[in-house]
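The residues making up each chain are set out below.
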Amino acid sequence: KAGVTQTPRYLIKTRGQQVTLSCSPISGHRSVSWYQQTPGQGLQFLFEYFSETQRNKGNFPGRFSGRQFSNSRSEMNVSTLELGDSALYLCASSWDSQETQYFGPGTRLLVL
Amino acid sequence: AQSVTQLDSQVPVFEEAPVELRCNYSSSVSVYLFWYVQYPNQGLQLLLKYLSGSTLVESINGFEAEFNKSQTSFHLRKPSVHISDTAEYFCAVSDVWGAQKLVFGQGTRLTINP
């Protein structure tokens, strides 16, 4: 089986812009979670989607949003980018809750 | 809410020496525990996990971790490390009901010297 794929792998944006990141889970997996990794804050949970519904949410502002499509692919969107949004954004998929999460390689976002 | 503390931010060891990476957690509910490894410029790979049952869990590449409920710890050990083990290691916890919401420690950078 192919692993979790994320596109794009690298992205440069400027403050105030918005960005959309994409995640394709492992075939058959229905849950997709997103995490932000920064040197200062470490790895932080953003949200989880299951069957097109947001099931869990972390403590991030409303500028961070996501969605999941019927084929389980997920996108996350960050609006009005700030310098502090520069990070590695990781997506993870699993068949269901209580199942192991498998992580993608991440999208590295740089906000200038 | 859960929290995870990895007691060492960096651990340098010589090749073939034993290593222990320490992890303590805090939670008011039952938890699952995980160790993930991150190689440079890559995502996270699951190393091992504790869900229930035997408190000693092992990975296929020689790592093991022991769940100690009384000390709220989940330390990672390997009796003999290799250069290829150089990576960052993350301890994580989730409660048994919100299992997809992982709370991570700050990570421990393991450096293996020849």
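Presented here is a report on the structure given in the accompanying data block. (Residues numbered from 1 in each chain as written. Chains lettered and ligands numbered in written order. Predicted model: local features only at pLDDT ≥ 70, side-chain atom pairs only at ≥ 80, totals over all residues. Heavy atoms only, no water.)

### Details of the sheet that holds strand S3 (residues 19-24) of chain A
Residue and element names in this part refer to chain A.
Step number 1: One open sheet accounts for 4 strands, arranged S1-S3-S8-S7; its pairing is antiparallel. Whereas interior strands pair on both sides, the edge strands pair on one side only; in this sheet they are strand S1 (5-7) and strand S7 (64-68). Strand-to-strand, the axes of this sheet are offset by a mean angle of 20°, without reference to chain direction. (Pairing = 2+ DSSP bridges. Helix = DSSP H or I, 4+ residues; strand = E, 2+ residues; numbered from the N terminus. Axes fitted to C-alpha atoms, helices over the stretch in contact; angles between N-to-C directions.)

### A word on unusual backbone geometry
Residues apart from glycine generally show negative phi values, whereas peptide bonds are mostly found in trans.
All names here are of chain A.
Step number 1: With an omega dihedral of -10°, the bond running from Thr-7 to Pro-8 counts as a cis peptide bond.
Step number 2: You can see Pro-8 is positioned in the loop between S1 and strand S2 (10-13).
Step number 3: For Glu-52, which is not glycine, the phi torsion reads 70° and is therefore positive.
Step number 4: Note on placement: Glu-52 falls in the loop between strand S5 (42-50) and strand S6 (53-57).
Step number 5: By relative accessible area, which is 48% here, Glu-52 ends up partly exposed.
Step number 6: A positive phi is found at Ser-72, a non-glycine position, where the angle reads about 75°. (Buried < 20%, exposed > 50% of the residue type's maximum accessible area, 1.4 Å probe, protein only.)

### Points about the interface of chain B and chain A
Step number 1: Taken together, the contact between chain B and chain A spans 18 residues of the former and 26 residues of the latter.
Step number 2: For the pairing of chain B and chain A, the buried interface totals around 1700 Å² over both sides, and the portion due to carbon and sulfur atoms is 49%.
Step number 3: Together, Leu44(B), Gln100(B) and Lys101(B) form the three largest contributors to the area buried by chain B at its contact with chain A, with a combined 37%.
Step number 4: Taken together, the links from chain B to chain A amount to 0 salt bridges.
Step number 5: Remark: the boundary between chain B and chain A carries 4 residue pairs in polar contact (both at pLDDT 80 or more). (Contact = heavy atoms within 4.5 Å. Buried area = accessible area lost by both parts, 1.4 Å probe. Salt bridge = Lys/Arg side-chain N within 4 Å of Asp/Glu carboxyl O. Polar contact = N/O pair within 3.5 Å; in protein donor to acceptor, adjacent residues only side chain to side chain.)

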